[in-house]
Structures are given as C-alpha cells and as structure tokens.
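Survey of secondary and tertiary structure
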There are 2 protein chains.
Amino acid sequence: MHILVTNDDGVTAPGLLALALALRQIPGADISVLAPHKNWSATGHSKTMHRPLRVWKVRLEDGSQALASDGSPSDCVALALLGLLEKPVDLVVSGINPHPNLGHDVTYSGTVTAAMEAVIFGVPAIAVSLGGGYAPQEILDYRAAAEIARRVALWVGKRGLPREILLNVNVPHVPMEALKGVEITRLGRRVYRDQLVRREDPWGRTYYWLGGEAPTGVPEDGTDIGALARGVVSVTPLQMDMTAHDAFAGLKGLGAEIMGG
Amino acid sequence: MHILVTNDDGVTAPGLLALALALRQIPGADISVLAPHKNWSATGHSKTMHRPLRVWKVRLEDGSQALASDGSPSDCVALALLGLLEKPVDLVVSGINPHPNLGHDVTYSGTVTAAMEAVIFGVPAIAVSLGGGYAPQEILDYRAAAEIARRVALWVGKRGLPREILLNVNVPHVPMEALKGVEITRLGRRVYRDQLVRREDPWGRTYYWLGGEAPTGVPEDGTDIGALARGVVSVTPLQMDMTAHDAFAGLKGLGAEIMGG
C-alpha cells in the first residue's frame, strides 16, 4: 500500500511528522510525503493554474526524506497523482490538522480539500484533525490522533471506500486510553463568530481583519461536534456531490415562471 | 431588495458589469458591488485570516461606483455581510463567470464559493456562469446570462430559498431567443484532463504546470452538463452539508474494529 501524506500547515508541521511516523508502522506500507512549504490554512479547494509549481526535497525532523512544493495542499495531491510520484498512490491521508474541521469548516479546510482532490482522482482519502479546540501549538499532543489515523488507514486499505467518498476524522485531544470510542457522524452546525475589525495604518488609511473568536458549535447527537463533546472520535463520510435533491420540489415552477412558459 | 454583486474574475471583468447592469433593472433593487481587484479563479472557499484586507472605491466601465478588495471572493462576501456595507444584504449574486462551473468544478470555483459564503451567513445566493465552454474572452456575450440572472434573482427575491441552499446557474452561450428553456439539474460528471507538464527554467531547474486540456463532461439526462449540451439553462440547487448519508451502512463496523471492541 503506497500512502501519500500531505497537509495544509506546511511540511514542517509537527502534525504531519506524527502522521507519517504512525503510518510507517503499517506492515508493507510505503509512505511518501509531499506537502506545501508554507501554511495554507483556510484556503479551500485551490488549483494553481496561472503559475508554475516548484518541488524540492526536504528532510523531516526525524531525518526522513519528504518533498515540499510551493503549491496548495490540493496542488500537492494533483502533482503526486499526475505522475510526480512514479509509484501509483493507493491512499491519501491529510493532516494532522492542529484544530478541528467540523461542520462548514470542511469547505474552507485545506486538510479536507486535499482529500477532496484525491477523491476526484479516484483515490480513497482520509483527512485527520485534532478535535481539541484551539489550544496553542506547544501543548498539542498528536499521538492519539496519529494512532487513530493509522488504524483508519489500515481499515480503508483493507475495505476501500465508495467512489467519491472521503473520511473526515476528528480526534479528541486526550491520550489514547481516554478516548470514549468511535462514532460515524454527520456534519454538525458550526457557529462562526467572525467580526469585522477596523484599524488604521500608520498613514491613517483603513484596513480590515476578518477577526473574532474561534467558532463554536451545536453539540447535537449524531454530529461530529456532538461526538467530540463526549470525547468520542468522529468519522464523517463526505461526498463530493453537493446537489440538494430535497430542494428540487420547491424549484419546480422556476423554469416556466422565468421563461414566461 | 439590496443585492451584493461579486465575482472571482476581478472587479474589472466584463461579466461582473453585465450582471450589475441587468440586476439594476429590477424595480426597487439596490445594487452594491464588492469584488476582488484581481483574478481568483479556481481558488476555492478561502478565508483570509493571516493578513489584513484593504477595500477601496473604483468605477466600473459604465461610470458606476463599486468597491474592490485585495481579499478573495469569499472575503468580499464576508466583509460586506459583517458590516462593511451598512445596509443589510438580502441576496448575493456572484458572476458572471466566463466559463461553466459544472460537476466537481463547484468545489474549486471562486464564483460558487462566494455564494457558499453568503449561505453560511444565512443570505440566499446565486452563482452565474456562462456555459459555452472555453471561448476566448473577446467573443463572449454575457447578455442572455445576465438576463437569466436578473429573472432568477427576481424569483429568489420573491420566493426565497431554503436555508443552506444556493443556486448554481449555467447559461448556454447563445442569444436569449435561442435558449431552449430552464431545467433544475443535479451535478454531472466532469472529466478532467489535467496533465503534469515538466519544464526547465533558464538555469536548468525543473518546474511543473498543472496543465492539460479544458475538462469535458458526461452529458447525462438530469445533469447540469446534460442540460447545457441541449441548449437549456441549468439551475442546480447546492447544499452545504456534504455528509454522505448513504455511506453510513458500509462504515458500521469501523468503530468496533479499530478500537478492538
């Protein structure tokens, strides 16, 4: 099994190293790392078409070889799957993101959209995030999340995933033995608390931050947010088809009405 | 009805002007334009959090006032809805994109993700694209697409949309009288033909393009791609909830298996 590891926090992020180390323990697994050289958080599903991309060799902190690119997380996946890696890739695992990716976050998340890119290429994919809120980088412990990622990767390697489906995994920020189980969940309701912050530069010109506090969420049963709130690992299957089939009935008259038919 | 017009091609794009002009013909409509100052095509659902944003006044080619920002399409929507525009926004219309946004394109498309941002804020939104393929900018005629956008906006203004739903509209590139009707569609299957193009710079170092020909699609009945192939306007309702409910059954055993339960 050839696994591509990528992320959106950059190739030097500790979450990526923890993930690569854990996946390397899968017997017979061959791990390639190709990740952005800088942080691309909250950049969404991005494809770089208007400039060329560079790729270069780097070493991770444990001395192992990896590749870095000046492209986005999705670009890294596209580069790898279009032939930059000679050996075909069987699975893409993206992460470990230091913060949760829940509810609407998945549309912004570079961690998740890297996995989307893989799925578009027909390669199964898993996105892994630490679900512990927004703790500072220094106190983050990726070990339980890395171990869960290893187990889920092994499961997907054996069973596969339906086409067009990726798994979005959020792991509570606790030691492995404190995890309260695993739940298959739906996306919950994020509550964003963004605020427009107006400032003036030293020359008196206005600029803006999209600021405000970290998002919260509604911890409903059956959702990713609900699972994390109970110390349970959340595994949400995501589909690429965003068609709102339930909305068809309400739109029935639109065509005739706007075309005067 | 206060309508925010934005796009991902930049505030000087002819598709934006055509859209603003058409929407201004809606009786009682108040149109604000806030769009990126540069082209953000294929950048996905992006939120700028690591740098401040600037906003400045510009004039469109018809002499009307607009706002430009150095943020992404989604940033423009967030800025507007978080209070940069004093008057509350009732509807966001994004476009007109010069190329179609079909199938998986919607996850990459700045035109569509601007509409997603609006929907996350609870404001109904419409993304409009010219469905005529990849014709050169000089020969594009936005008139029919702008007129369809006006009619759909009027319809949504009257009827509203369910929460969490946006409309992705693709209009064939033909004169208004040649349109063959309107169909409510699901997302079709895009066929991407990306290729890794390897080059060498003048100093002998390798770089890469994510190149290849424009995507094609499978023109199945009931899909956006199928509608356009028959000269019909495609209106696809998109939902933000990407949960793959159909995949739950297949994942049933995952938790017990990986936790050794």
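Moving on, we come to the overall build of chain A. Along the backbone of chain A there are 7 helices and 11 strands. Dimensions of chain A, computed from the C-alpha atoms along their principal axes, are close to 65 × 55 × 45 Å. In chain A, buried positions account for 52% of the 261 residues. A fraction of 77% describes how many contacts in chain A between residues 6 or more apart in sequence connect residues 24 or more apart.

A separate point is the interface of chain A and chain B. With 63 residues of chain A at the interface, the matching set in chain B holds 63 residues. In terms of residues, the side of chain A that touches chain B owes the most to one element, helix α2 (residues 73–84) of chain A, which gives 6 residues. Partitioning the side of chain A that touches chain B into residue classes produces 37 nonpolar, 16 polar and 10 charged.

What follows concerns the relation of the copies chain A and chain B. The transform that puts chain A on chain B rotates by 180° and translates by 0.0 Å along the axis, for an RMSD of 0.0 Å. Classification of the inter-copy transformation places it as that of a two-fold axis. Identified as the residue of chain A closest to the rotation axis by C-alpha distance is G44 of chain A, at 2.3 Å. Mapped onto chain B, 100% of the interface residues of chain A are again interface residues, and the two copies thus contact each other with one and the same surface.

The biggest cluster of nonpolar side chains holds 154 residues, and the ones touching the most others in it are L19, I126 and A149 of chain A together with L19, I126 and A149 of chain B. Residues within four places of A149 of chain A in sequence aside, it is in contact with L19, A22, L23, V93, G95, I96, I126, V128 and V169 of chain A.

This next bit is on the sheet that holds strand β8 (residues 182–184) of chain B. Residue and element names in this part refer to chain B. The strand order across the open sheet formed by 9 strands is β3-β4-β2-β1-β5-β6-β7-β11-β8, and the pairing between neighbours is mixed. Each edge of the open sheet carries a strand with a single partner, namely β3 (55–59) and β8. With direction set aside, neighbouring strand axes in the sheet form an average angle of 25°. In this sheet, strand β5 (residues 91–97) lies alongside strand β1 (residues 2–6) in parallel orientation, the contact comprising 4 bridges. Each residue of the ladder has a partner; that of V5, found in β5, is V93. Along the sheet, helix α1 (residues 14–23) makes contact with β1, β2 (30–36), β5 and β6 (125–130), crossing β5 at roughly 135°. Its contacts with the sheet put helix α4 (residues 110–120) on β1, β5, β6 and β7 (165–171), and the angle it makes with β6 is roughly 175°.

A few words now on the pairing of strand β10 (residues 206–218) of chain B. All names here are of chain B. Relative to β10, strand β9 (residues 189–200) is paired through 11 bridges, and the arrangement is antiparallel. Each bridged residue has a counterpart across the sheet, and for D194 the counterpart in β10 is G212. Here β9 hands over to β10 after 5 residues, with G204 in that stretch at a positive phi of 80°.

All names here are of chain A. Along the chain, G95 connects to I96 via a cis peptide bond; the corresponding omega equals -5°. Its place among the elements puts I96 in strand β5 (residues 91–97). Positioned with a positive phi, E164 is a non-glycine residue whose angle comes to about 75°. If you trace the backbone, E164 turns up in the loop between α5 (143–159) and β7 (165–171).

Now for the packing of helix α2 (residues 73–84) of chain B against α4 of chain B. All names here are of chain B. Here α2 crosses α4 at 25°, and the two axes come no closer than 8 Å. Judged by the angle between their axes, α2 and α4 are roughly parallel. For the crossing formed where α2 meets α4, the hand is right-handed. Residue-level contacts link P73, S74, C76, V77, A78 and L81 of α2 to G110, T113, A114, E117 and A118 of α4. Grouping the constituent residues of the contact of α2 with α4 by class yields 7 nonpolar, 3 polar and 1 charged.

Residue pairs spaced three or four apart in an α-helix point in one direction, given the helix's 3.6 residues per turn. Residues and elements named next belong to chain A. If you check α5, its first and last C-alpha atoms are 24 Å apart, about what 17 residues at 1.5 Å a residue would give, namely 24 Å. Within α5, burial applies to A144, A145, A146, I148, A149, R150, V152, A153, W155 and V156. Once α5 finishes, G160 follows within two positions and takes phi at roughly 75°, a positive value.

Residue and element names in this part refer to chain A. Across the sheet, 9 strands lie side by side as β3-β4-β2-β1-β5-β6-β7-β11-β8; this open sheet has mixed pairing. Strands with a single pairing partner mark the edges of an open sheet, and in this sheet they are β3 (55–59) and β8 (182–184). Each neighbouring strand pair of the sheet contributes to a mean axis angle of 25°, computed without reference to strand direction. When β3 meets strand β4 (residues 65–69), the two strands line up antiparallel, connected through 5 bridges. Bridged to K57 within β4 is L67. Lying on the sheet, helix α1 (residues 14–23) is in contact with β1 (2–6), β2 (30–36), β5 and β6 (125–130); it crosses β5 at an angle near 135°. Sitting on the sheet, helix α4 (residues 110–120) touches β1, β5, β6 and β7, and the angle it makes with β6 is about 175°.

The rules behind these values
Residues numbered from 1 in each chain as written. Chains lettered and ligands numbered in written order. Predicted model: local features only at pLDDT ≥ 70, side-chain atom pairs only at ≥ 80, totals over all residues. Helix = DSSP H or I, 4+ residues; strand = E, 2+ residues; numbered from the N terminus. Buried ≥ 20, exposed ≤ 12 C-beta atoms within 10 Å, placed from the backbone. Contact = placed C-beta atoms within 7 Å. Nonpolar A, V, L, I, M, F, W, Y, C, P; charged D, E, K, R; others polar. Least-squares fit on C-alpha atoms with pLDDT ≥ 70 in both. Core = buried A, V, L, I, M, F, W, Y, C linked by C-beta atoms within 7 Å. Pairing = 2+ DSSP bridges. Axes fitted to C-alpha atoms, helices over the stretch in contact; angles between N-to-C directions. Parallel < 35°, antiparallel > 145°, perpendicular 65-115°, else oblique. Left-handed = near helix turned anticlockwise from the far one by under 90°. Expected span 1.5 Å × (residues − 1).

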